[in-house]
Amino acid sequence: MIHLLRRALAVLSTVALLSCRSTHAPQPPETIDEATVKAMSHVLLDAYDRADEDGFARVVEPTFVLFDELRLQQRDAILNAVRKRRERQAPARSRSYGDQHVSIGSNAAVFIGETVEHYPADSARPMAENIAAIPMEFDGWSTIVWARDGEEWKAASWQWVKGGADASREKWDATYREGRAFNSEPSKLLVEMLKGRKPGLALDIGMGQGRNALYLASQGWRVTGIDISDEGIRQAREAAAARKLTIEAIHADADTWDYGVEKWDLALLIYSSGNEASLRRAMKPGGLIVGEWFHKGSVPQLGTDTAEVAARFKDGFTILRNEVVEDVSDWGWKERVPQKLIRFAAEKR
């Protein structure tokens, strides 16, 4: 999210050029606040969703552009598309808002918000476009740049990028396909924590290309690995077949997958996360959870700290390890640059 705000702020210096205002224009009002920027952005998006051509036109500049799915659309083209939706009486769309952020400068403001767009079935659309026959939802992030136009604020640009599970899947597919700099050997923490432990039923959450799942299988564990990445699942299955090992590789979202109840002897959260409430219920008594993550001191936007981790497993677990170490992360294997990491292990009572 921080990098999105920085990228959005980079365009603020161009807003004056986009608006082409006179230096003798009336003095603008006081700088608006965060709530107002959010409200303006909701008005713009609502007008677009309801095919309100006039409402949309009132809040955007003449030079307004939309960048959506790698296509740049000019204001007139957008208004034309909105007009056509209204003329064929297409059902209104709607959206649910998630995380929202605002950055405000002296002459411009940036809104970044996650929304789930709800597209009802569109019976007015030609049925040759078969996607019109069913309701659909799209999770994405909208970045709207606002500029002062005299005493008014107008939108200079709107950018939409995919969000949610689809975006995560594409990201991880590319990561594993390109073989980016991650450690292909099993986790040092995992190897250490398994010494003297009898093999049982193991769950690898965010299995990726299967390095830890394959290690567990080689040590006699019965392993299930889940991951959102098709490419990661493919590579894990191929590697298991090549090594004549047996793993169950499941394409699943770790936040919504059914973990079961008192099922697992071991669960891995190695640079991953899942539905931890469900995971706690799914561990057998004596079952071990092993986790490693970036410390927030090294990667603020992704990291955690020992207090946060301990709080998540304070009930029903005995914490065996919860420490900050300076070491090379599994994602910094090639650079060999030490970072602050959290290494954690807890056993269910």
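Since the structure is predicted, the reported quantities are computational estimates derived from the model, not experimental observations.

Peer 1: With reference to specific residues and values, describe the pairing of strand S7 (residues 201-205).
Peer 2: With five of five residues buried, S7 lies mostly within the body of the structure. Note that S7 and strand S8 (residues 222-227) share five bridges and pair parallel. Looking at the pairing, Leu 203 lines up with Thr 224 of S8. A crossover links S7 with its parallel partner S8, the connecting element being helix H8 (residues 211-218), and its sense is right-handed. Where S7 and strand S10 (residues 264-270) come together, three bridges link them in parallel fashion.

Peer 1: For helix H9 (residues 230-242), give the residues involved together with the corresponding values.
Peer 2: Over its 13 residues, H9 runs 18 Å from end to end, which matches the ideal 18 Å to within 8%, given 1.5 Å per residue. Along H9, the residues classified as buried are Glu 231, Gly 232, Ile 233, Ala 236 and Ala 240. As for H9, its buried residues are in contact with helix H6 (164-178), H8, S8 and strand S9 (247-251). Of the residues flanking the start of H9, the one acting as N-cap is Ser 229, its side-chain oxygen 3.3 Å from the backbone nitrogen of Glu 231. In the segment just after H9, Lys 244 is the residue with positive phi, at about 55°.

Peer 1: Talk me through the sheet that holds S10; I want residue IDs and the actual numbers.
Peer 2: Pairing in this open sheet of seven strands is mixed, and the strands run S9-S8-S7-S10-S11-S13-S12 from one edge to the other. Whereas interior strands pair on both sides, the edge strands pair on one side only; in this sheet they are S9 and strand S12 (317-327). Neighbour to neighbour, the strand axes of the sheet diverge by 15° on average, direction disregarded. In terms of strand pairing, S8 meets S9 through five bridges, oriented parallel. Each bridged residue has a counterpart across the sheet, and for Asp 227 the counterpart in S9 is His 251. Sitting on the sheet, H8 is in contact with S7, S8, S9 and S10, with an inclination near 150° to S10.

Peer 1: Describe the nonpolar core, and please don't skip the residues or the numbers.
Peer 2: Grouped together as the largest cluster of nonpolar side chains are 29 residues, with contacts concentrated most on Leu 216, Ile 247, Leu 266 and Val 290. Elements supplying a minimum of two residues to this core: helix H7 (188-193), H8, H9, S9, S10, strand S11 (283-294) and strand S13 (339-348).

Peer 1: Account for a nonpolar patch on the surface, with residues named and values stated.
Peer 2: Side chains of Phe 67, Leu 70 and Leu 72 sit close together on the surface and give an oily, nonpolar patch of about 340 Å² of accessible area. Summarising the element assignment, Leu 72 is placed in strand S2 (residues 71-74). When its relative accessible area of 54% is taken as the criterion, Leu 72 is described as exposed.

Rules and cut-offs
- Residues numbered from 1 in each chain as written.
- Predicted model: local features only at pLDDT ≥ 70, side-chain atom pairs only at ≥ 80, totals over all residues.
- Heavy atoms only, no water.
- Buried < 20%, exposed > 50% of the residue type's maximum accessible area, 1.4 Å probe, protein only.
- Helix = DSSP H or I, 4+ residues; strand = E, 2+ residues; numbered from the N terminus.
- Pairing = 2+ DSSP bridges.
- Right-handed = clockwise from strand over helix to strand, strands pointing away.
- Expected span 1.5 Å × (residues − 1).
- Contact = heavy atoms within 4.5 Å.
- Polar contact = N/O pair within 3.5 Å; in protein donor to acceptor, adjacent residues only side chain to side chain.
- Axes fitted to C-alpha atoms, helices over the stretch in contact; angles between N-to-C directions.
- Core = buried A, V, L, I, M, F, W, Y, C linked by side-chain atoms within 4.5 Å.
- Patch = residues over 30% accessible without salt bridge, like charges linked within 9 Å, V, L, I, M, F, W, Y side chains within 5 Å.
- Areas by Shrake-Rupley, 256 points an atom, 1.4 Å probe, with all protein chains shown as cover.
- Salt bridge = Lys/Arg side-chain N within 4 Å of Asp/Glu carboxyl O.

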